[in-house]
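The primary structure of each chain is shown beneath.
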Amino acid sequence: MIGSQKGGTAKTTTTFNLAYCLRKMGKRVLAVDFDSQANLTTCFGVEDTGVLDDTIGHLMMAQIEDEKMPSPKKYIRTKDGVDFIP
């Protein structure tokens, strides 16, 4: 996990580059974007993050409210071999 409360510390850039480096080493990678601004999701090429129906926020709320979870195929996306949850 990469985290810091301070902005501008390259959390998103580090996560994005580390994900691709690990993938290049043959590892399976799942990056999860917990940033409320969805910057990592944007890095993966999703231009309008506001229209997404299945994000980590939605999944967390479904879990809290004891709702049925969607199929992982619905919320796990893949870009160049790296899986991510917006």
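Residues numbered from 1 in each chain as written. Predicted model: local features only at pLDDT ≥ 70, side-chain atom pairs only at ≥ 80, totals over all residues. Heavy atoms only, no water.

### Focus on the pairing of strand β3 (residues 82-85)
Rule in force here: Pairing between strands requires that DSSP locate at least two bridges from one strand to the other. Every helix listed is a DSSP run of H or I at least four residues long, and every strand listed is a run of E at least two residues long, numbered separately from the N terminus.
The pairing of strand β1 (residues 30-32) with β3 spans three bridges and is parallel. Among the inter-strand pairings, A31 is bridged to a residue of β3, identified as F84. Here strand β2 (residues 77-79) runs beside β3; their pairing, made up of three bridges, is antiparallel. For R77, the partnering residue across the bridge sits in β3 and is F84. Taking the residues that link successive antiparallel strands as the turn, the β2-β3 hairpin has two residues, and the phi of D80 there is positive, at about 55°.

### Observations regarding a nonpolar patch on the surface
To be explicit about the condition: Residues with no salt bridge and a relative accessible area higher than 30% make up the patches, which join like charges within 9 Å and nonpolar side chains (Val, Leu, Ile, Met, Phe, Trp, Tyr) within 5 Å. Note on areas: these come from Shrake-Rupley sampling with a 1.4 Å probe, and a residue is covered only by the protein chains present in the view. Every case where a carboxyl oxygen of Asp or Glu lies within 4 Å of a side-chain nitrogen of Lys or Arg is listed as a salt bridge.
On the surface, a nonpolar cluster with roughly 350 Å² of combined accessible area is contributed by I2, L18, L22 and M25. Structurally, L18 is set in helix α1 (residues 11-24).

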